[in-house]
Amino acid sequence: MTDVKNTDYRVGNDGFWARAWVVPLVLAGVGGLMAALTAGPERLSYAYLFALFTIVTVMLGGIFLVLIQFLTAAHWGVSTRRIVEVIMSGAPVVALLALPFIFGVWTGKVPVYQEWQEATGHGAHHDEPADEHGVLGLAGSVAQAQGHAEGHEADHETGHDEGHSHTAQETTLHHEIIEAKTGYLNTPAWTMRAIIYLLIWSVIAWLYFGWSRRQDEDHDPRHTLRMQSLAAPLLIVFAGALTFAAFDWLMSLEPSWFSTIFGVVIFAGSAVAILATTILIGLSLYKRGLVGEAINPVHFHDLAKLLFGFICFWTYVSFSQWMLIWYAGIPEEATWFHKRWEGGWMFVSYLLIFGHFVAPFLLLISRVQKLNLRWLQAMCFWVIFIHAVDIYWFVLPQAGAFRIQLADIGALLFVGGVFFAYVFWQLGRVPLIPVGDPRLQRSLHHHQTH
Amino acid sequence: MSYDAPIKELGETYLLPEGTTPHEVTETISRVTEDKTPRGWWLLFLMSLTALGAMGGALTYLFVQGVGVWGNNAPVYWAWDITNFVWWIGIGHAGTLISAILFLFRQKWRTSINRFAEAMTVFAVLCAALFPAIHTGRPWFDYYLFPLPNQMDMWPNFKSPLMWDVFAVNTYLLISVIFWYMGLIPDFATLRDRSKNLFRKRAYGFFALGWRGAHRHWQHYERAYLIFAGISTPLVLSVHSVVSFDFATSVVPGWHTTIFPPYFVAGAVFSGFALVTTLMLICRSVFKMQKIVTVKHLDYMNKFMLGTALLVGYAYAMEFFIAWYSSNPYEQWVFFHNRLGWGMLDSEGNWGPLWWAYYTMVFCNVVVPQIFWFKRARTSVPIMFIASILINIGMWFERFVIIVTSTYRDFLPSAWGMFHPTLIDILTYLGTFGLFFTLFLLFIRWLPMIAIAEVKINLPGAHPDLHAIEALEEPGAATAPVPAE
């Protein structure tokens, strides 16, 4: 049986892992060149947002998985937690990667949000009468919305039964809808919020990674207690930041569109992404004998079960969003899905249904499949790919018809490459399992199979 | 050495107090069904029967007169009947969550409450199912709900979420009853073996299906349990999701929003846990079960309520934010005028008159549970008793708020109509408590209210996963992992 004292669980001189970080770094270089040389600034902006958010979701999934394990005082995941922690600790790297994008939005060089950014300019001399019941205190923006509400008879007369072509009136109404949101959707507020989200994630990640690393040295159970008690409040902060980041970065690409479940959909995708990534890295370490028996097939089975569960959860929330919008058929909501159906996107939508649900559901449902590690590895590669497609499907339809460009792949290689170069480099520096965790022994002897 | 032993430095303790013996567990639980019926039980039973009788009267009057005896009006076509339906079915969510989802997550503490919660699930779903059956006032047409060939060539509308409800609720009821019964089999055998008279022996023996506790029996039992947990898990989510579709597929502001399915599920689990807590606290102290349902169990349940309260609070916040963000004036009207009661005044300059329902809901569902951040509150019986009751009041108001405040002042001021419940509404609702508690009291009197066999695996020193280790180490075993090279 395994004993922690006999091995230090480090990458050491392993032929692959000692220098693994070089591979993503090279890919990042190639991808960066590919993206920079083949696309104009507009397409590059969309491609970069897609790549950035794909990696953001992996990192967010990491924060969630670490926090939830401390919240529930789980022991099963202790020995795989270090991999998740290292991925999570890449939050500042993500922040660095996000900075050019945020700066671009701030200066107007990145045109993905121009629809509401332009409305901000007009918002200043909005001719709606000032509202006399402005008691909501949201800096005038709600007052503006109320102005709309009270003028709703006007909307009602003009907004309906006009056929499909966009009349001048409709265009005006569309602008008014977006102008009413400029209290939230305006460049300074957006930029400020983006920085706050990144700060929140970076601080949580570095606190938890730091404490866990310190516990490696001093084996002090008080670190665990502190991380347990902070997990609940931090999860609330995390959930808020994730939701509004999803609203700001993805939902506002189509500023007239809205969906209350949007944050939950993004969260579900993040959980799927981190579980598949953790299994893949874990499998590689396991196969190369770097973690001994500390991570055993039962741990992979547990992670795979959670992965299966979150794939179902992703399907559940994505279906809820689509079904309710489709069923009600309200034009202002349906337009978002319409964009993901026309212009060649129908194929991608179907690919998500089959690739993100039907296939993994059937191919991961059985215990035999999940315990076949080679099978599991192939499935995790697929799941990560399809997760990227999912984010692609959120972002790129806003840029027009479906056409994969080298810039999309290049941007993903660049952002993903830099991020995973950090992750792999960090894995080479730290013990691969949290050797100081008081629940480690229990996790090492974790053999329950259901 | 057992690696499951509590780690003292982390403040871990055994779930059940040390020194508790398996015999003590069997005694404590079985005794309730064997001792002489307490007088208090008869008193409560008669009260429940009275309430049930009152419902009988209210329903008879309804069937004779039609739905006009309720307060439903135009535009509040759906009022207390569907509020009560959704409320009861929500309560029916804790049982299956505890027995299925918490089982899959290996939450061993569930064993002290699962039986109890499953029984409540079944009874609550029955109370809920009553409302679709009576809501037209013409129960003799209920067979329309099912896709049965009939003489009028009438066929249910499969495009209607109300139709899906019929299937979702019936499936849930069926699976919950089977799951509940299956878990009872080993305990029926225990009661059979303890029986002192022939009638009891025969009756419990009949339901025990010849259970002898053989190795093979347990193996089949465990496997069936796992399969049922797998089947029930999606059902926990599907039922209340389909219920939420009743509203969310419409285009009514306040009903049509995409977060409804998970939001309803979270609310259902929340209210289910609250009612389980309320009733468990009473039974625990009446039948002296403090050693089996420990403060630690209650602590976990309260944490669960806090967690689900936060999820529900998240949904409330999202609805409000998106109502504003949508810049849809009708959406904003429902949230700011009809619910919040301020920010948007009607043409006479008045607040929405049902604002108090919204504040009751937020207070009970979001503010009250915050007390469970404190360990002292989570381990204090009086506090959690009061909080759990307030939560259920809040959850009733949540459904009332969704249903009535979305409709009573809608698009056209000329079509507005205030809703007032009638005496028949109130009697029918009270009557469902009669139905619920009649069944519940029969349950605690005749069936083991805690899963005797399952609790024992949590006794200090029990090694439930010993055979799993052996199975893994045995070459060629079915569950053995593929060795990695």
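Residues numbered from 1 in each chain as written. Chains lettered and ligands numbered in written order. Predicted model: local features only at pLDDT ≥ 70, side-chain atom pairs only at ≥ 80, totals over all residues. Heavy atoms only, no water.

> Help me out: how do you make sense of the pattern of salt bridges in this one?
Proximity of charged atoms lets side chains of opposite charge pair with each other. Counted according to the given criterion, the structure contains 25 salt bridges over all chains. We note a salt bridge from glutamate 27 of chain B to arginine 194 of chain B, for which the minimum N-O separation is 3.0 Å. Of this pair, glutamate 27 of chain B sits in helix H1 (residues 22-34) while arginine 194 of chain B sits in helix H6 (residues 161-194), and the two are 167 residues apart along the sequence. Take arginine 194 of chain B: its relative accessible area is 21%, and that puts it in the partly exposed class. Note that aspartate 346 of chain B is salt-bridged to arginine 409 of chain B, the shortest N-O span being 2.8 Å. Highlighted residues: aspartate 346 of chain B in the loop between helix H11 (329-340) and helix H12 (355-367) and arginine 409 of chain B in the loop between helix H14 (381-407) and helix H15 (423-446), separated in sequence by 63 residues. With respect to burial, aspartate 346 of chain B and arginine 409 of chain B carry one shared label: buried. Each member of the salt-bridge network shares a partner with another, and the members are Arg81, Arg82, Glu85, Arg213, Asp216, Glu217 and Asp437 of chain A. (Salt bridge = Lys/Arg side-chain N within 4 Å of Asp/Glu carboxyl O. Helix = DSSP H or I, 4+ residues; strand = E, 2+ residues; numbered from the N terminus. Buried < 20%, exposed > 50% of the residue type's maximum accessible area, 1.4 Å probe, protein only.)

> Honestly, the interface of chain A and chain B in this entry has me stumped. Any pointers?
Many authors give the size of an interface as the accessible area that is lost as the parts come together. With 71 residues of chain A at the interface, the matching set in chain B holds 58 residues. Summed over both sides, the interface of chain A with chain B buries roughly 5700 Å², with 69% coming from carbon and sulfur. On inspection of chain A and its partner chain B, the count reaches 3 salt bridges. Between the two partners, chain A and chain B, sit 16 residue pairs in polar contact (both at pLDDT 80 or more). If you list the elements that add at least two residues to the side of chain A that touches chain B, you get helix H6 (141-150), helix H7 (152-159), helix H10 (221-249), helix H11 (262-287), helix H12 (297-328), helix H13 (331-339), helix H15 (367-371) and helix H18 (440-444) of chain A. If one sorts the elements of the side of chain A that touches chain B by residue count, H12 of chain A sits on top with 15 residues. Considered class by class, the residues forming the side of chain A that touches chain B number 39 nonpolar, 22 polar and 10 charged. (Contact = heavy atoms within 4.5 Å. Buried area = accessible area lost by both parts, 1.4 Å probe. Polar contact = N/O pair within 3.5 Å; in protein donor to acceptor, adjacent residues only side chain to side chain. Nonpolar A, V, L, I, M, F, W, Y, C, P; charged D, E, K, R; others polar.)

> Got a minute to help me understand the packing of H11 of chain A against H12 of chain A in this structure?
Describing two packed helices takes the angle between their axes plus the distance from one axis to the other. Residues and elements named next belong to chain A. Where H11 contacts H12, the two axes come as close as 9 Å, and the packing angle between them is 160 degrees. Judged on the interaxial angle alone, H12 and H11 are roughly antiparallel. In the crossing of H11 with H12, the sense of the turn from one axis to the other is left-handed. (Axes fitted to C-alpha atoms, helices over the stretch in contact; angles between N-to-C directions. Parallel < 35°, antiparallel > 145°, perpendicular 65-115°, else oblique. Left-handed = near helix turned anticlockwise from the far one by under 90°.)

> Would you mind showing me how to read the side chain of glutamate 85 of chain A here?
Secondary-structure assignment places glutamate 85 of chain A in helix H3 (residues 78-88). Setting aside its immediate chain neighbours within four residues, glutamate 85 of chain A contacts Val66, Phe209 and Ser212 of chain A.

> Would you mind going over the packing of helix H3 (residues 80-91) of chain B against H14 of chain B with me for this structure?
All names here are of chain B. Contact geometry of H3 with H14 gives a least axis separation of 9 Å together with a crossing angle of 135 degrees. The angle between H3 and H14 falls in the class oblique. As H3 packs across H14, the resulting crossing turns out to be right-handed. Residue-level inspection shows Trp80, Ile82, Thr83, Asn84, Val86, Trp87, Gly90 and Ile91 of H3 in contact with H14, the latter providing Asn392, Met395, Trp396, Arg399, Phe400 and Ile403. When grouped by side-chain class, the residues that make up the contact of H3 with H14 number 9 nonpolar, 4 polar and 1 charged.

> Quick question: what am I supposed to make of the nonpolar core here?
Looking at soluble globular proteins, one finds that nonpolar side chains tend to be buried together. By size, the foremost hydrophobic cluster in this structure holds 294 residues, and its most contacted members are Trp201, Tyr208 and Trp249 of chain A. Sequence-distant contacts of tryptophan 201 of chain A, that is, excluding residues within four places in its chain, are made with Val56, Met59, Leu60, Ile63, Ala91, Phe238, Ala241, Leu242, Ala245 and Trp249 of chain A. (Core = buried A, V, L, I, M, F, W, Y, C linked by side-chain atoms within 4.5 Å.)

> Just to check I follow, could you spell out unusual backbone geometry for this structure?
Comment: phi is negative for the bulk of residues other than glycine, and the bulk of peptide bonds are trans. Residue and element names in this part refer to chain B. In the segment running from alanine 74 into proline 75, the intervening peptide bond is cis, with an omega of 10 degrees. Along the chain, the position of proline 75 falls in the loop between helix H2 (39-65) and H3. With phi around 55 degrees, leucine 209 is a residue other than glycine that occupies positive phi space. Here leucine 209 shows up in the loop between helix H7 (198-208) and helix H8 (215-248). Phi angles above zero are rare outside glycine, and serine 327 is one such case at about 45 degrees. The topology assignment puts serine 327 in the loop between helix H10 (295-325) and H11. When its relative accessible area of 8% is taken as the criterion, serine 327 is described as buried.

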